[in-house]
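Letter by letter, the chains look like this.
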Amino acid sequence: MLRVGTRPLPSAAAAAGRAAATARRALGTSVPTASGGNGKIGSTTSEAVEEDGDAEEKRWRYYRGVPDRRQELPVYVRDLGKPVLLNPLLNKGTAFLWSERERFHLRGLLPSRMVTMEEQTAKVLEEYREGAWDKAARDPNDEMVQAGLTPDNIRKWEYLKGIQGQNETLFYRVLMDNFAEMASVVYTPTVGWACLNFSRMFRIARGMYFSAKDRGHMVSIAYNWPSQKVDAIVVTDGSRILGLGDLGMNGMGISVGKLDLYVAAAGFHPARVLPCVIDVGTNNKELREDKSYLGLNQERLEGDEYLQVVDEFVAAAKARWPKVLIQFEDFRTEYASKLLERYRYEHLCFNDDIQGTAATALAGIYAGLAATNRPFSDIRHLRFVVCGAGSAGMGVVQWLCKAMEKHGADPDEAAGKFWILDADGLITESRGNSVEKATRRFARKATPPAGEGGGKGDEELADGANVEQVVKKVRPEVLLGLSGAGRIWSSATIEALAEGTDRPLIFPMSNPSHKSECSAEDAAKYAKGRGIFASGSPFEDASYDGKVLPSNQSNNLYVFPGLALGAKLCQSKLVTDGMIMAASEALANANTPEDLAEGRIYPGLSDVRSISVRVAAAVMRQAHAEGMATRENAILAIERDVNAFGDDHDENESEASLERYVMNMMYFPVYTPLAYVPRGVLE
Ligand SMILES: NC(=O)C1=CN([C@@H]2O[C@H](COP(=O)(O)OP(=O)(O)OC[C@H]3O[C@@H](n4cnc5c(N)ncnc54)[C@H](O)[C@@H]3O)[C@@H](O)[C@H]2O)C=CC1
Ligand SMILES: CC(=O)C(=O)O
Ligand SMILES: [Mg+2]
């Protein structure tokens, strides 16, 4: 509630008029800086202000441009936390002083950098006059524009986000009902754009911002979040956002985007999901030098110091919401697996890029086999060339191996089916310990370099051979891209692939669109219409010889919403490999024979919730089978389902089915009646 101060309103109004006049006079003139010297208004750095309470006090006056103490009457505020930010008359956004953030329980609700009103004004004017943040979208030479991102996508993104800021029920209803159309706007590729420009277009704070400056305070900061019930958190440290690299605090955009899908695609309640970013600095120098960047202006913390910050974040989240599920998103490879191993046996969590992507890729390969009338067990006979040995690439490779082993391959036989390339080309044993331990298992035998492509004999490829050389030599059935390197598959590479096999599986999975290893059109053209194509970001269907060739989307969006929902509904203790395998298989089985015959290996997104329902139900059954499920109602539903239907879960519309239970538990965006409850009642 807003209370105007003790003075009678007329004199306050007069004071405001004087203040404005003073501010106008002061603009552009030299005034003493906080440190006592002379400088322009707003020249005081945020850091100095945070360190020095006296400087803060002075600057408070300068940036209002009001040297007269009479103008400093406070506005009396009865609210704390989020309601303060949501009140347009009170909100100062990122200009809230550090001490105000403390007093009003705002820590964690805003990015860590504090800016002056003059800086805010300058940003507003820049956007107003030049539309700086979408200027590149009008630049025909921009990579993202060339890959299909248009000012129209951005307009749509802004429009939808505007609705989300005002009316979440409406936003999620529209998104849910039009998911196939809008996924590319709230999610990849447009969300990549939104992350690149996150600070520049920052308006209304969503989610929580934990920074290295919050060390020692994270638990109390977690209590600044207004909701006592949070079912799921998506957290990033912004270190590898899609294929766009280190975007620091701007990575918050991906946590928001992923959780939009939790609600629209899996029926999580919007009030019970929490996007988070852990800001430990950024190694992106360009970003640090960008005056609009709102994250910590320092290099990333590393090693133990970094791990301690993440530990503290996880501990804080668990302290406030003990049963919360945490999805780790877009952590760079160096720490992604390390963090997963650190937490996965203690907390309900998963890493989307490693586990969600792996489950999605395996489902696509299984469905690709089904599309060519082969059983899933044939996976053990396929050969894979994989570009990208990061957390996503290696997560997929290890998962495919696991599936091969499940179908009878021994571990060495399975590992022998992979040729993995990183930025330096084919990985062979000659790399020694310079590659990660998990990757070494897949290193090919080392041969001395000899001419194009390497030496002789069975292992004819030299270390560093390029993808074209490897494909020509290996003749794989599957080409996977998780490199984030853009169009690295040449026409010759795709032609060679298609010469070696009837229906090559072509999976350029890197995001966003301009980072895809090839386009749908090129895949269709150079594989002469015989390939099955699945990319990380959406492409229009292609055509060859008058025939439509479906562009599938192989993106973890098919798995993470349902996996999280299943784990959460049965309140699983952990997310196990078995549960992720169940998600893969449920997704692979979600295609109709007609779709498969046309080369559609992932189900259409128009009814995305039905996909999440299947995935969630499969995850719950598996969680129960492993003794992981703990929520009694869910366990009863699982047992009722198993007793009624055994292993036959297909097309199960019965009231007794687990799918029906899952569906009934989902949030559905409709307007519900509101009841006024006076303070003190029901508290
Ligand atoms: N479709 C999906 O659902 C998902 C896609 N991804 C995408 O996967 C990509 C990689 O993610 P991370 O593994 O986390 O990144 P990362 O940066 O850790 O790994 C990239 C890997 O690609 C290698 N690489 C770079 N240039 C290459 C080239 N020209 N040829 C072969 N390899 C090359 C690097 O050496 C490194 O091993 C990103 O673009 C990301 O958007 C990630 C998760 C899910
Ligand atoms: C899709 C996704 O999670 C990624 O590209 O990182
Ligand atoms: Mg990701």
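Residues numbered from 1 in each chain as written. Chains lettered and ligands numbered in written order. Predicted model: local features only at pLDDT ≥ 70, side-chain atom pairs only at ≥ 80, totals over all residues. Heavy atoms only, no water.

So, on to the overall build of the chain. Along its length, the chain carries 30 helices and 18 strands. Within the chain, the proportion of its 683 residues that are buried is 56%. A sequence separation of at least 24 residues applies to 70% of the contacts in the chain between residues at least 6 apart. Approximately 29400 Å² of the chain is accessible, and the part contributed by carbon and sulfur atoms is 51%. (Helix = DSSP H or I, 4+ residues; strand = E, 2+ residues; numbered from the N terminus. Buried < 20%, exposed > 50% of the residue type's maximum accessible area, 1.4 Å probe, protein only. Contact = heavy atoms within 4.5 Å. Areas by Shrake-Rupley, 256 points an atom, 1.4 Å probe, with all protein chains shown as cover.)

With that settled, the discussion passes to the coordination of the magnesium ion (ligand 3). Ideal geometry at a metal centre: 109.5 degrees between donors when four sit tetrahedrally, and 90 or 180 degrees when six sit octahedrally. Summarising the metal site, the magnesium ion (ligand 3) is bound by the protein donors E329 (OE), D330 (OD) and D353 (OD), whose distances to it range over 2.0 Å. Here the donor residues of the magnesium ion (ligand 3) share one chain and are spaced in sequence as E-D-x22-D. Remark: D353 occurs in helix α18 (residues 352-371) and E329 occurs in the loop between β8 (325-328) and α17 (333-343); sequence separation between them is 24 residues. Since its relative accessible area comes to 6%, D353 is described here as buried. (Donors = N, O, S within 2.8 Å, 3.2 Å for Na, K, Ca; no water.)

Time to look at the sheet that holds β8. Reading across from one edge, β5-β7-β6-β8-β9 is the order of the five strands in this open sheet, with parallel pairing throughout. Each edge of the sheet is formed by a strand with only one pairing partner; in this case those strands are β5 (208-211) and β9 (349-351). Each strand axis lies, on average, 20 degrees off the axis of its neighbour in the sheet, ignoring direction. Both strand β6 (residues 232-236) and β8 contribute to a ladder of four bridges, which runs parallel. Bridged to V234 within β8 is Q327. With respect to the sheet, α18 is in contact with β8 and β9, its orientation differing from that of β9 by roughly 75 degrees. (Pairing = 2+ DSSP bridges. Axes fitted to C-alpha atoms, helices over the stretch in contact; angles between N-to-C directions.)

This part covers the site of ligand 2. By nearness alone, every residue bordering ligand 2 is listed as Y187, R240, L242, K258, E329, D330, D352, D353, N511, N555 and N556. Within the side chain of E329, a nitrogen or oxygen atom sits 3.0 Å from an oxygen atom of ligand 2. Relative to its free-state accessible area of 220 Å², ligand 2 is covered by the protein chains to the extent of 92%. Looking at side-chain class alone, the shell around ligand 2 contains two nonpolar, three polar and six charged residues. Looking at which domains feed residues into the shell around ligand 2, each of domain 2 (117-347) and domain 3 (356-557) gives three or more. (Near = heavy atom within 4 Å. Polar contact = N/O pair within 3.5 Å; in protein donor to acceptor, adjacent residues only side chain to side chain. Nonpolar A, V, L, I, M, F, W, Y, C, P; charged D, E, K, R; others polar. Domains from an automatic or database assignment.)

This paragraph deals with the domain arrangement of the chain. By domain assignment, the chain separates into domain 1 (1-74), domain 2 (117-347), domain 3 (356-557) and domain 4 (560-665). Relative placement of domain 3 and domain 4: their C-alpha centres are 28 Å apart. Domain 3 puts 27 residues into the contact, and the matching count from domain 4 is 18 residues. Contact with domain 4 buries area across many residues of domain 3, yet W399, P550 and L557 alone supply 24% of it, more than any other trio. There are three salt bridges connecting domain 3 and domain 4. If you list the elements that add at least two residues to the side of domain 3 that touches domain 4, you get α18, α19 (391-406), β15 (532-535) and β18 (551-553). Top element by residues in the side of domain 3 that touches domain 4 is α18. It accounts for twelve residues. Its residues assigned to classes, the side of domain 3 that touches domain 4 shows 17 nonpolar, seven polar and three charged. (Buried area = accessible area lost by both parts, 1.4 Å probe. Salt bridge = Lys/Arg side-chain N within 4 Å of Asp/Glu carboxyl O.)

Bringing the pairing of β6 into the picture now. Within β6, five of the five residues are buried, which leaves the element mostly enclosed by the surrounding structure. What you see with β6 is no split at all: A232, V234 and T236 on one side and I233 and V235 on the other are buried throughout. For β6 and strand β7 (residues 273-279), the ladder comprises five bridges, and the chain directions are parallel. Opposite V235, over in β7, you have C276 as the bridge partner.

Take the pattern of salt bridges next. By the definition in use, this model includes 42 salt bridges. Across the pair D214 and R107 runs a salt bridge, and its minimum N-O distance is 2.7 Å. Taken as a pair, D214 in the loop between β5 and α13 (218-222) and R107 in the loop between α5 (98-103) and α6 (117-130) lie far apart in primary sequence, 107 residues in all. A salt bridge links D352 to K258, with the nearest nitrogen and oxygen atoms 2.8 Å apart. With D352 in helix α18 and K258 in helix α14 (residues 252-266), this residue pair connects regions lying 94 residues apart in the sequence. The residues D352 and K258 share a single accessibility class, namely buried. One network of salt bridges, with partners in common, ties together E126, R200, D290 and K291.

With that out of the way, let us pick up a nonpolar patch on the surface. Taken together, the side chains of V124, L125 and Y128 present a nonpolar region at the surface, about 340 Å² in accessible area. Within the secondary structure, V124 is located in helix α6. The exposure class assigned to V124 is exposed, which follows from its relative accessible area of 53%. (Patch = residues over 30% accessible without salt bridge, like charges linked within 9 Å, V, L, I, M, F, W, Y side chains within 5 Å.)

Now for the environment of A496. By the secondary structure assignment, A496 is in helix α23 (residues 491-500). In sequence terms A496 and A194 are 302 residues apart; their C-alpha atoms lie 37 Å from each other. Those residues in contact with A496, other than ones at most four positions away along the chain, are V471, K472 and R475.

Looking at the element boundaries, K318 is found in helix α16 (residues 303-320). Among buried charged residues, K318 stands out as having no salt bridge; its nearest opposite-charge side chain is E346, 8.1 Å away. Looking at K318, its side chain comes within polar contact range of the side chain of H347, at 3.5 Å. (Lys, Arg positive; Asp, Glu negative; His and termini not counted.)

What follows is about the UniProt feature "binding site: a divalent metal cation" (unreviewed entry) in the chain. This chain's UniProt record puts "binding site: a divalent metal cation" (unreviewed entry) on E329, D330 and D353. A stretch of 25 residues holds the annotated residues, and the largest C-alpha distance among them is 6.6 Å, short enough that they meet in one place. Discounting chain neighbours no more than four positions away, the residues touching E329 are V234, V235, T236, D237, I254, K258, D352 and D353. The contact partners of D353, leaving out residues within four places of it in the chain, are R240, F328, E329, D330, F331, S391, A392 and N556. A polar contact of 3.2 Å, which involves the side chain of D353, links it to the side chain of R240. (UniProt positions renumbered as here; feature names shortened; annotations may be inferred.)

What follows deals with the packing of aromatic side chains. The relative placement of two aromatic rings is captured by the distance of their centres and the angle of their planes. Applying the stated rule across the entire model yields 15 aromatic pairs. Both rings, one in F328 and one in F331, keep their centres 5.5 Å apart while their planes meet at 70 degrees; by these two values the pair is edge-to-face. On the accessibility criterion, F331 (1% relative accessible area) is buried. Judged by centre distance (4.9 Å) and plane angle (15 degrees), the ring pair of F384 and F418 falls under stacked. One end of the pair, F384, is in strand β10 (residues 384-387); the other, F418, is in strand β11 (residues 418-422), and 34 residues separate them in sequence. For the pair F384 and F418, one class covers both residues: buried. Counting every residue linked through ring pairs, the aromatic cluster contains Y187, Y262, F268 and F560. Sitting over the face of the ring of W98, K213 holds its NZ or CZ atom 4.5 Å from the ring centroid. Directly above the ring of W419 sits R444, whose terminal nitrogen or CZ lies 3.8 Å from the centroid. (Phe/Tyr/Trp six-rings, centres within 6.5 Å; stacked < 30°, edge-to-face > 60°. Lys NZ or Arg CZ within 6 Å of the ring centre and 35° of its normal.)

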